[in-house]
Amino acid sequence: GAGVSQSPSNKVTEKGKDVELRCDPISGHTALYWYRQSLGQGLEFLIYFQGNSAPDKSGLPSDRFSAERTGGSVSTLTIQRTQQEDSAVYLCASSLQGAWHEQYFGPGTRLTVT
Amino acid sequence: AQSVSQHNHHVILSEAASLELGCNYSYGGTVNLFWYVQYPGQHLQLLLKYFSGDPLVKGIKGFEAEFIKSKFSFNLRKPSVQWSDTAEYFCAVNANNAGNMLTFGGGTRLMVKP
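So, how was this worked out
Residues numbered from 1 in each chain as written. Chains lettered and ligands numbered in written order. Predicted model: local features only at pLDDT ≥ 70, side-chain atom pairs only at ≥ 80, totals over all residues. Heavy atoms only, no water. Helix = DSSP H or I, 4+ residues; strand = E, 2+ residues; numbered from the N terminus. Buried < 20%, exposed > 50% of the residue type's maximum accessible area, 1.4 Å probe, protein only. Polar contact = N/O pair within 3.5 Å; in protein donor to acceptor, adjacent residues only side chain to side chain. Contact = heavy atoms within 4.5 Å. Disulfide = S-S within 2.5 Å. Salt bridge = Lys/Arg side-chain N within 4 Å of Asp/Glu carboxyl O. Buried area = accessible area lost by both parts, 1.4 Å probe. Nonpolar A, V, L, I, M, F, W, Y, C, P; charged D, E, K, R; others polar.

## Remarks on the side chain of glutamine 6 of chain A
All names here are of chain A.
Okay, so step 1: Residue placement: glutamine 6 occurs in strand 1 (residues 5-7).
Okay, so step 2: Residue glutamine 6 is classed as buried on the basis of its relative accessible area, which comes to 11%.
Okay, so step 3: Engagement of the side chain of glutamine 6 in a polar contact is seen with the backbone oxygen of tyrosine 90, the distance being 2.9 Å.
Okay, so step 4: There is a polar contact of 2.9 Å between the side chain of glutamine 6 and the backbone nitrogen of glycine 108.
Okay, so step 5: Other than its neighbours up to four places away in sequence, glutamine 6 contacts Arg22, Cys23, Trp34, Tyr90, Leu91, Cys92, Gly106, Pro107, Gly108 and Thr109.

Take a look at the structure:
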């Protein structure tokens, strides 16, 4: 079946602009995660959605970052007033409920803020 | 908060050499442990995972890892590497009281020379 898809694959934006990144999880996966991979660093957790529960936003680096998940499926990560330090690859993953289930990762969106 | 350390940032091996990549975590409670791999141009994918039971776990492509609780370690091993193992390897930890998100190490880039 189809894996996790993300769009766009690449995004170049000017400092100060807002951007929206989209994630389509695997059908039937109730858990959805956003991570960020900055140059030379590992993956950093951003936010986690599980079913209809309130999302865990503990990893969001600032209030310029927000995310929503509509209808328990597609998710959008929004970064307002982008800064150069926001440049990174943003990865989305989905899984069945429960920490023991494998997280399936999408291809990522490479964001470059000029 | 838990953290994960991968002390080897870059490893270069010749084919048929043995591999061991270190992973240490800093959390004293119950943990779930993972190794993910990212081949060039591909998505992150799961190599293996440990939740409970036999501390020696076997994954895909001949990889295995051993959980040593007393050392807070989960090192990845392969007795004989191949050129196709060239990739970046990430160790990740889920702490049982921290939701389902993963905390990743900084990654180890492995290059296998033919």
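## So, the state of the cysteines
Okay, so step 1: Summed over all chains, the structure comprises two disulfides over all chains.
Okay, so step 2: Residue pairing for cysteine 23 of chain A: its cysteine sulfur links by disulfide to cysteine 92 of chain A, the two sulfurs lying 1.9 Å apart. Note on the cysteine 23 of chain A and cysteine 92 of chain A pair: the S-S dihedral is about -65 degrees, so by sign convention the disulfide is left-handed. Residue cysteine 23 of chain A is located in strand 3 (residues 19-24), and its partner cysteine 92 of chain A is located in strand 8 (residues 88-95); the two are separated by 69 residues in the primary sequence.
Okay, so step 3: On the basis of relative accessible area, cysteine 92 of chain A is assigned to the buried category, the value being 0%.
Okay, so step 4: Covalent S-S linkage joins cysteine 23 of chain B and cysteine 91 of chain B, the inter-sulfur distance amounting to 1.9 Å. Sign of the S-S torsion, about -65 degrees for the bond between cysteine 23 of chain B and cysteine 91 of chain B, identifies this disulfide as left-handed. Of this pair, cysteine 23 of chain B sits in the loop between strand 3 (19-21) and strand 4 (24-25) while cysteine 91 of chain B sits in strand 10 (residues 87-95); the two residues are 68 residues apart in sequence, bridging distant segments of the chain. Like cysteine 23 of chain B, the residue cysteine 91 of chain B is buried in the burial classification.

## Structural notes on unusual backbone geometry
Across the chain, the bulk of peptide bonds are trans and the bulk of non-glycine residues have phi less than zero.
Okay, so step 1: At the junction of serine 7 of chain A and proline 8 of chain A, the peptide bond is cis and its omega measures out at -10 degrees in the coordinates.
Okay, so step 2: Position of proline 8 of chain A among the secondary structure elements: in the loop between strand 1 and strand 2 (10-13).
Okay, so step 3: Not every positive phi belongs to a glycine, and arginine 81 of chain A is a case in point at roughly 45 degrees.
Okay, so step 4: The partly exposed category is assigned to arginine 81 of chain A, whose relative accessible area is 42%.
Okay, so step 5: Phi at lysine 61 of chain B takes a positive value of approximately 60 degrees, unusual for a residue other than glycine.
Okay, so step 6: Relative to the elements of secondary structure, lysine 61 of chain B occurs in the loop between strand 7 (56-58) and strand 8 (64-68).

## Considering the pattern of salt bridges
All names here are of chain B.
Okay, so step 1: For the structure on display, the rule yields eight salt bridges over all chains.
Okay, so step 2: Between glutamate 64 and arginine 77 there is a salt bridge, with the nearest N and O atoms lying 3.4 Å from each other. Here the residue glutamate 64 occupies a position in strand 8, and arginine 77 occupies one in strand 9 (residues 73-78), the gap between them amounting to 13 residues.
Okay, so step 3: In the salt-bridge network here, residues are joined through shared partners; they are Lys58, Glu64, Glu66 and Arg77.

## Re the interface of chain B and chain A
Okay, so step 1: Across the boundary between the two partners, chain B contributes 17 residues, which contact 21 residues of chain A.
Okay, so step 2: At the boundary of chain B with chain A, total buried surface from both sides reaches about 1500 Å², with 59% on carbon and sulfur atoms.
Okay, so step 3: Put simply, chain B and chain A have zero salt bridges between them.
Okay, so step 4: Applying the counting rule to chain B against chain A returns three residue pairs in polar contact (both at pLDDT 80 or more).
Okay, so step 5: Within the residue set of the side of chain B that touches chain A, elements represented by two or more residues are strand 5 (31-38), strand 6 (44-50) and strand 10 of chain B.
Okay, so step 6: It is strand 5 of chain B that contributes the most residues to the side of chain B that touches chain A, four residues altogether.
Okay, so step 7: Here the side of chain B that touches chain A is built from residues that sort into nine nonpolar, seven polar and one charged.

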